[in-house]
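Overview (structure and organization)
So you can see what is in the structure, the chains are spelled out below.
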Amino acid sequence: MNVLLFAEIAEIAGTRVVSVDVEEPVTIGQIKTKLAERFPDPRLKEKLRLCLGAVRETYCSDDTVLDRSVEEVALIPPVSGG
Amino acid sequence: MEQAAWENRDARYARQMQFAGIGREGQTRLRQAKVVIVGAGALGTALSNHLVRAGVGFVRLIDRDVVELGNLHRQMLFDETDAARLLPKAIAAARKLRTINSQVTVEPVFKDLNAANAEALLGDADLILDGTDNFHTRFLINDVSVKHGIPWIYGGVVGARGATMTILPGETPCFRCLYPHAPAHGTMETCDTTGVIGPAVHVTASLQAGEALKLLAGAREKLNAAMMIFDLWENRMDRLELASAKRDDCPACGAGHFSFLDAAAEPLIIRHMCGKAAISLFPAEELALNLEQWADRLAGAGVRVQVTKYLARAYLESGLVLTLFPDGRAIVQGTEDPARAKSVYVRYLGA
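Below is a summary of the structure that appears in this document. (Residues numbered from 1 in each chain as written. Chains lettered and ligands numbered in written order. Predicted model: local features only at pLDDT ≥ 70, side-chain atom pairs only at ≥ 80, totals over all residues. Heavy atoms only, no water.)

Turning our eyes to something else, we now look at the overall build of chain A. A tally of helices and strands in chain A yields three helices and seven strands. Reading the secondary structure of chain A in the N-to-C direction produces β-α-β-β-α-α-β-β-β-β. In summary, chain A has a C-alpha radius of gyration of 12 Å against a globular reference of 12 Å for 82 residues, a match within 12%. Of all 82 residues assigned to chain A, the portion counted as buried reaches 56%. Looking at chain A alone, contacts between residues at least 24 apart form 56% of all its contacts between residues at least 6 apart. Summing over all exposed atoms, chain A offers an accessible surface of approximately 4,000 Å²; the carbon and sulfur share of this is 48%. Where the 10 positive side-chain charges of chain A centre and where its 14 negative ones centre are 4 Å apart. (Helix = DSSP H or I, 4+ residues; strand = E, 2+ residues; numbered from the N terminus. Rg over C-alpha atoms; globule rule 2.2 N^0.38 Å. Buried < 20%, exposed > 50% of the residue type's maximum accessible area, 1.4 Å probe, protein only. Contact = heavy atoms within 4.5 Å. Areas by Shrake-Rupley, 256 points an atom, 1.4 Å probe, with all protein chains shown as cover. Lys, Arg positive; Asp, Glu negative; His and termini not counted. Charge placed at Lys NZ, Arg CZ, Asp CG, Glu CD.)

Structure, rendered in structure tokens:
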């Protein structure tokens, strides 16, 4: 499955697209865990926890189950400044 | 004179009323509306500028900070004089806004929004607009919004990125449906750690202000059900549909637990200021300090102190800078250690 990384998590990972090996069905939360293992930067884990998941421009919570029809997931960090 | 004012009012809003979405009826609704803007920084000044020019009848502007030179590149209601005078942002913004539109009421509130005063300061609003720079205050706004059934419009900006979302309590997902837990300190990018560009601020604030006009003018069916996310540098503008985002187990809108409104019986509330080497402290019960006297005392002890009508700033030997406001609130700059800041506070203010 392809994971699109937005903003600072793309900067930390050094890439905007990551291909992860997962067995569907898989949850967004499990994909986050996979990414945290793959990029062991300590900043990433907390940031991933707060990222919103999205499939086809629609929000998906961490417990959303994705099947084989889903090819791409986006992870979007919160924007806090103002 | 009275007659002239009314003619001017029509002339002033002519192009706005000509827009079918607003019309004369929408304009009347804007005039009758009461909006509270939390934060008078980058987003807050842009938001209040839009709303006051559009003729929203009452705008309350809440901010705890003072104008600094480093604000001017993006906070477009302020100038060098405001910064040199260390004017409170809410006060400086209100002055400017009144020169822009004298027919509406602008109420500046130079305070830190917190659990103790949030319901009093936000509870009478038709709409709350987010011009804050931290998640803690947004959770506080969200609690008031859900508890009292007041819509609010989230806006966040950092770097060249921004995000907005309209929250109608009971109808749409609330902020905690998406973010159930507060982020740990130091884990979020802020304008002080990552920087920010003015255009990103204004895109964010304009998306929020557009939503505000729809809501206030009575065009609820036109409201955006998606979160908008953009990056001006990467040329992206994305929608995130939120139709399925409302959670039955949401602590706020599901369970009705408004934990951010529970003012724990702390006599001194201490908060790390997002992204800055600074700690903000305020007594749970407001004080009424005489800053002149306080400054004289410190000056007598050999401390360099600067006093204005709104604050006193002491340059301590340790290199820390203590800024004190009449209500007892203080900012200790130069440390991220709450205990150190507390010790400075207690040393110079008494326990």
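And the narrative resumes.
So, on to the interface of chain B and chain A. With 40 residues of chain B at the contact, the number on the chain A side is 24 residues. Summing both partners gives a buried area of about 2,500 Å² for chain B against chain A, and 57% of it is carried by carbon and sulfur. The interface formed by chain B and chain A includes three salt bridges. In this structure, Glu8(A) and Arg161(B) form a salt bridge, with 2.8 Å as the shortest nitrogen-oxygen distance. At the junction of chain B with chain A, the criterion picks out 10 residue pairs in polar contact (both at pLDDT 80 or more). Only α4 (42-54), α8 (135-148), β5 (152-158), β6 (161-167), α9 (175-178), β7 (226-231) and β8 (236-241) of chain B provide two or more residues apiece to the side of chain B that touches chain A. Of the residues in the side of chain B that touches chain A, the class split is 20 nonpolar, 10 polar and 10 charged. (Buried area = accessible area lost by both parts, 1.4 Å probe. Salt bridge = Lys/Arg side-chain N within 4 Å of Asp/Glu carboxyl O. Polar contact = N/O pair within 3.5 Å; in protein donor to acceptor, adjacent residues only side chain to side chain. Nonpolar A, V, L, I, M, F, W, Y, C, P; charged D, E, K, R; others polar.)

Turning next to the sheet that holds strand β13 (residues 321-324) of chain B. Residues and elements named next belong to chain B. Within the open sheet, the six strands sit side by side as β9-β10-β14-β13-β12-β11. Their pairing is antiparallel. This sheet does not close on itself; its edge strands, each paired only once, are β9 (268-272) and β11 (304-307). Adjacent strand axes in the sheet meet at a mean angle of 15°, parallel and antiparallel pairs treated alike. With four bridges joining them, strand β10 (residues 278-283) and strand β14 (residues 330-333) adopt antiparallel strand pairing. Considered in β14, the bridge of Ile279 is made with Val332. Of the strands in this sheet, β11, β12 (312-315) and β13 touch helix α12 (residues 291-300), which is tilted by about 165° from β11. Against the sheet, helix α13 (residues 338-349) touches β9, β10, β13 and β14, its axis set at about 50° to β10. (Pairing = 2+ DSSP bridges. Axes fitted to C-alpha atoms, helices over the stretch in contact; angles between N-to-C directions.)

With that settled, consider the packing of α4(B) against helix α11 (residues 198-217) of chain B. The geometry of a pair of packed helices is captured by two quantities: the angle between their axes and the separation between those axes. Residue and element names in this part refer to chain B. Look at α4 against α11: their axes get within 9 Å of each other, and the N-to-C directions meet at 40°. When the axes of α4 and α11 are compared, the pair comes out oblique. Seen along the crossing, α4 lies across α11 with a hand that is right-handed. Of α11, the residues touching α4 (which contributes Ala42, Leu43, Ala46, Leu47, His50, Leu51 and Ala54) are Val201, His202, Thr204, Ala205, Ser206, Gln208, Ala209, Ala212 and Leu213. Looking at the contact of α4 with α11 residue by residue, the class counts come to 11 nonpolar, five polar and no charged. (Parallel < 35°, antiparallel > 145°, perpendicular 65-115°, else oblique. Left-handed = near helix turned anticlockwise from the far one by under 90°.)

All names here are of chain B. As enumerated under the stated definition, the model contains nine aromatic pairs over all chains in all. Arranged with centres 5.4 Å apart and planes meeting at 65°, the rings of Trp152 and Phe175 form a pair that is edge-to-face. Taken together, the positions of Trp152 in strand β5 and Phe175 in helix α9 put the pair 23 residues apart, joining distant regions of the chain. The exposure class of Phe175 is buried, given its relative accessible area of 0%. One aromatic cluster in this structure is built from Phe135, Phe139, Trp152, Tyr154, Phe175, Tyr179 and Phe260. Stacked on the ring of Phe58, the Lys or Arg Lys34 has its end atom at 4.7 Å from the ring centre. Over the ring of Phe110 we find Arg329, and its NZ or CZ is 5.2 Å from the ring centre. (Phe/Tyr/Trp six-rings, centres within 6.5 Å; stacked < 30°, edge-to-face > 60°. Lys NZ or Arg CZ within 6 Å of the ring centre and 35° of its normal.)

Here we take up the nonpolar core. Residue and element names in this part refer to chain B. Counting 54 residues, the largest nonpolar core has Val35, Leu51, Val56, Leu97, Leu127 and Leu129 as its most contacted members. Counting only elements with at least two residues in this core, the list comes to β1 (34-38), α4, β2 (58-62), α6 (89-100), β4 (127-130), β5 and α11. Element by element, the count of residues in this core is highest for α11, at seven residues. In this structure Val35 touches Leu51, Val56, Phe58, Val59, Arg60, Leu127, Leu129 and Leu216, once residues within four positions along its chain are discounted. With 49 residues, the next largest nonpolar core counts Val36, Ile62, Ile141 and Met188 among its residues. (Core = buried A, V, L, I, M, F, W, Y, C linked by side-chain atoms within 4.5 Å.)

Once that is clear, we can look at the side chain of Asp112(B). Residues and elements named next belong to chain B. Assignment of secondary structure puts Asp112 in the loop between β3 (105-109) and α7 (118-122). Of the residues examined, Asp112 reaches a relative accessible area of 4% and is grouped as buried. Of note is the side chain of Asp112, whose polar atom sits 2.4 Å from the side chain of Arg64. In this structure, Asp112 is in contact with Arg64, Asn117, Arg271, Phe282 and Arg329, ignoring residues within four places of it in sequence.

The next point concerns the environment of His50(B). Residues and elements named next belong to chain B. Topologically, His50 is positioned in helix α4. According to the relative accessible area criterion, His50 is partly exposed, its value standing at 36%. With 224 residues separating them along the chain, His50 and Cys274 place their C-alpha atoms 26 Å apart. With near-sequence residues (within four places) excluded, His50 lies in contact with Ser206 and Ala209. Separated by 3.3 Å, the side chains of His50 and Ser206 make a polar contact.

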